[in-house]
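An overview of the molecular structure
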Amino acid sequence: MAATAQSKVRLPNLLVRNPNFVLLWAAYGISAIGDHLSEMALIHERGGLDRPDVTHIQALLSFGFFLPFVILGPLAGWWADRFSRKWTMVLSDVVRAGVMVGLCYVLINLDDWGWALNDYAIVLPLFLTGMFAAFFSPCRQAILPVLIRDDQLVRANAMISAMGTIGAILSAVIGGKLVDLAIAGHFDIHWNYLLDALTFLFSASLLIFLSLRRSRYVRHARLQGVLTPLRDGFRYVRRHRRTLQLILLGTVFWAAAGVVVSVVPAVVRDVFGGKFSDVGLYRGLIAAGLATGAAVMTLVGPALPLRIGILSGLVGGAAWLFALDAAYVFKLGRLLTGLCLFGIGGAGAALLVTVKATIQRFVPDTHLGRVFGVYDMCVTGAMVATTGAIGLAPIPNLDAYIPVLLGITGIGLALAAWLAWRDYRRSDRYGALLTLLWQTTRFHAAFWMGLKRIGPCTVPREGPVIIAANHTSGADPLLILAASPHRLCGFVVAQEYYHRPLAGWFMRQVDCIPINRANPGKAFLSACLRTLHAGGCLGIFPQGTFVAPDEGEPAAKPGIGVIALRTGATVVPCHISGTTYTRSPFAALFRRHKARVRFGKPIDLSAFHGHERDRDTSQRISELIMTKIWELAPAPEPRAFPIEK
């Protein structure tokens, strides 16, 4: 999609106040209804739940719908980078509406024409629908980052995922209910297909009103040719390890989804003797789990570290699959079966929202359509492989092997989680427990304390470092730990806190150094020197304590000057603002803040070398460091917010 020059547009802070996002959001949810509304009717056309191999029929339908994504995914991605993404989506919806109207016409006239409908013939309409959905998908995913701000990507993907799954819920429930009404003689089965067509037309009518003039300015050259850009898209994925890993993880989960979706009709029938409407409802529970998981991701996703989102999705998916297997084998009833399907959907939301938002954040717009084309090819290829193996394999009484299918699928997700964990651990500098604590700290600081780092982190990755910061509350050490992604920092902490049970254990994990504030002594200084001489990173608050906002700022103490001169450590100034003052250091960890952390350039102390034993020089260095810290403060932003009475 070649962009033309446009003036920069200020995008709304709230996604629901962004007209372009709301239109895309609603259109996707409505078209999601259309993608699957006809499936229940097609299952009924081929014998429905009375067949002993209904899993075979459901798998065939999924196979037919997703096969075009595999065949056309890269080409559709090229199209999304070459032509208008907006009008491609509109055209896709209109053509899919035409397919549904044509399907209705053919089914009505089958007997007059002397044609017979077999198991494989019902795949064709879903194949045609999937073919144009394959062009819709990369356009939708590639256009989204242009319509919103970068910091809204996780939340936007979660909201779109939730809307799509709500559409899938409605699709399954409405489709199943219409079939039950048709069986009872109250409704013509062919209205399923006409209603399906109307959903696509409604979606297209919304997309027409997308205004790219109210989107972010994007410039890139028009792609020339077809094969060269296609190869470039594959080459980009292969050369960017993070993107390749994310696509592979999404692929594993979609393979598992293919198995789960295929076995739902048989699970509903065998566990509690359900009807068509129950099949729709329980398939809808997977979508409800996806919607709920996506809703949770709108809240926690922007703060959730990548590896936690990935691993929680894989581990959670494996656990719920094993539980579903047990529910089927031991006939544990409706409630547990529904809960397992709901849990699988929730785990999928955590994984897939994280994957898509990360790809959108790091892949440039010039390649985004083709990367999502490759993504669609891989993830739907996995679903096609699993549903194809189930639907096409000539296995008599296939439903008897459902426990084996679910068990193998759960093992596959657990293995993927283990491999992902091993890969993450390969790049970690610290032990597993310490890394987990650090990741949890980052999540807590970003989600609960509202932490945002303004500007880059200037803390060196190697060598002795002192991070010198102003002291505003007891939350300051955690804020610095969370804002420095490449370096774990120990702190100088008051001795009375160091020996408390839980807090002291955490402080010892990150190599904090206790200090007797009334009488620091040589032992404290020696510990600081040892840490820095060993190449460690030490956080120091030159003021020594924090005070209420209405009190005067404490003066800097000379200790940091002494330590900096004697070790030659790099001194990085850090300014903290937006915290909520509370007298208790531990209560501050659980209060809401709007914390902002800014790191400055390392301070040049070369002029003071040779005066390591001079107390006045140490005091001047401390004052210089505090000056550099205050220079980072934003003028209109107060240092702290008092507690409301």
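Whatever comes next refers back to the structure up there.
Before going into details, it helps to say that this report is about the structure given with it. (Residues numbered from 1 in each chain as written. Predicted model: local features only at pLDDT ≥ 70, side-chain atom pairs only at ≥ 80, totals over all residues. Heavy atoms only, no water.)

**Here we look at the sheet that holds strand E6 (residues 570-577)**
Definition in use: The rule for pairing is simple: two strands pair if DSSP sees at least two bridges between them. Per the convention used, a helix needs a DSSP run of H or I reaching at least four residues, while a strand needs a run of E reaching at least two, with both numbered from the N terminus. We call two residues in contact when some of their heavy atoms are within 4.5 Å. Only the stretch in contact is used when a helix axis is fitted, and all axes are lines through C-alpha atoms; the angle between N-to-C directions ranges over 0 to 180 degrees.
The sheet built from 7 strands is open, its strands ordered E1-E8-E6-E2-E5-E3-E4 with mixed pairing. The strands lining the two open edges of the sheet, one partner per strand, are strand E1 (452-453) and strand E4 (513-515). In this structure, strand E2 (residues 465-469) lies alongside E6, joined through 5 bridges in parallel fashion. The residue bridging Val465 from the neighbouring strand is Thr570, located in E6. Helix H21 (residues 559-567) contacts E2, strand E5 (537-540) and E6 of the sheet and is inclined by roughly 160° relative to E2.

**Brief notes about the side chain of Arg370**
To be explicit about the condition: Whether a residue is buried, partly exposed or exposed follows from its accessible area with a 1.4 Å probe, protein chains only, as a fraction of its type maximum: under 20%, in between, or over 50%, in that order.
Position of Arg370 among the secondary structure elements: in helix H14 (residues 365-392). Owing to a relative accessible area of 4%, Arg370 belongs among the buried residues under this scheme. For Arg370, the residues in contact, after removing those within four places along its chain, are Gly77, Trp78, Asp81, Leu223, Pro229, Asp232 and Gly233.

**Here we look at helix H15 (residues 402-426)**
Our working rule: An expected span of 1.5 Å times one less than the residue number is assigned to each helix.
Relative to the 36 Å expected for 25 residues at 1.5 Å per residue, H15 spans 36 Å between its end C-alpha atoms, a close match to the ideal helical length. What H15 keeps buried is the set Ile402, Leu406, Gly407, Thr409, Gly410, Leu413, Ala416, Ala417, Ala420, Asp423 and Tyr424.

**Points about unusual backbone geometry**
Even without being a glycine, Lys331 presents a positive backbone phi close to 50°. Structurally, the position occupied by Lys331 is in the loop between helix H12 (306-329) and helix H13 (333-362). Taking the relative accessible area as the measure of exposure, Lys331 reaches 43% and is therefore partly exposed. For Asp511, which is not glycine, the phi torsion reads 60° and is therefore positive. If you trace the backbone, Asp511 turns up in the loop between helix H19 (501-509) and E4.

**Points about the nonpolar core**
Threshold: Working definition of a nonpolar core: buried Ala, Val, Leu, Ile, Met, Phe, Trp, Tyr and Cys residues. They are joined through side-chain atoms within 4.5 Å.
Counting residues in hydrophobic clusters, the biggest one holds 78 residues, and the most contacted among them are Ile310, Leu314, Ile359 and Tyr375. With 14 residues, the top contributor of residues to this core is helix H10 (residues 241-272). Beyond its immediate stretch of four places on either side in the chain, Ile310 contacts Leu246, Leu249, Leu351, Thr354, Val355 and Tyr424.

**Observations concerning the pairing of strand E8 (residues 596-599)**
Side chains of E8 alternate between two faces, with Arg596 and Arg598 and Val597 and Phe599 buried alike. Both E1 and E8 contribute to a ladder of 2 bridges, which runs parallel. Residue pairing in the sheet places Arg453 in a bridge with Val597 of E8. Alignment of E6 against E8, held across 4 bridges, turns out to be antiparallel. Note on E8: the bridge partner recorded for Ile576 is Val597.

**A closer look at the packing of aromatic side chains**
As a reminder of what qualifies: Between the rings of Phe, Tyr and Trp (Trp by its six-membered ring), a pair exists once the centres lie within 6.5 Å; its type follows the angle of the planes, with under 30 degrees stacked, over 60 edge-to-face, and the other angles tilted. Charge-over-ring placement is defined geometrically: NZ (Lys) or CZ (Arg) within 6 Å of the ring centre, and within 35 degrees of the ring normal.
Tallied over the entire structure, the rule returns 15 aromatic pairs. Look at Phe65 and Phe66: their rings are 5.0 Å apart centre to centre, the planes differ by 85°, and that puts the pair in the edge-to-face class. Of the two residues, Phe65 and Phe66, neither departs from the other in class, the shared state being buried. Plain terms: the ring middles of Phe546 and Tyr581 are 6.2 Å apart, the flat faces sit at 75° to each other, and that makes the pair edge-to-face. Highlighted residues: Phe546 in the loop between E5 and H21 and Tyr581 in the loop between strand E7 (579-580) and E8, separated in sequence by 35 residues. Across this residue pair, the class does not change: Phe546 and Tyr581 are buried. Through pairs of rings, three or more aromatic residues link up here, namely Phe65, Phe66, Phe69 and Trp254. The ring of Phe136 carries Arg96 above its face, with NZ or CZ at 5.0 Å from the centroid. A cation over a ring is seen here: Lys331 above Tyr328, with NZ or CZ 5.0 Å from the ring centre.

**Some thoughts on the environment of Ile33**
Structurally, Ile33 is set in helix H1 (residues 19-36). Among the residues examined, Ile33 registers a relative accessible area of 14% and is labelled buried. When the C-alpha positions of Ile33 and Thr199 are compared, they lie 6.9 Å apart, and in sequence the two are 166 residues distant. Residue contacts for Ile33: discarding those within four places in its chain leaves Gly167, Leu170, Ser171, Asp196 and Thr199.

**Some words on the pattern of salt bridges**
Oppositely charged side chains can form a pair if their charged atoms are brought close together. This is how it is decided: One speaks of a salt bridge when a side-chain nitrogen belonging to Lys or Arg is within 4 Å of a carboxyl oxygen belonging to Asp or Glu.
A complete count under the given rule lists 13 salt bridges for this structure. The partner of Asp365 in a salt bridge is Arg85, with the nearest N and O atoms 3.0 Å apart. On the criterion of sequence distance, the pair formed by Asp365 in helix H14 and Arg85 in helix H4 (residues 85-108) is long-range, its members being 280 residues apart. Of the two residues, Asp365 and Arg85, neither departs from the other in class, the shared state being buried. With a closest N to O distance of 2.8 Å, Arg269 and Asp270 form a salt bridge. One salt-bridge network, held together by shared partners, links Asp81, Arg85, Asp232, Arg235, Asp365 and Arg370.

Everything listed here is a matter of coordinates, which is why it stays silent on function.
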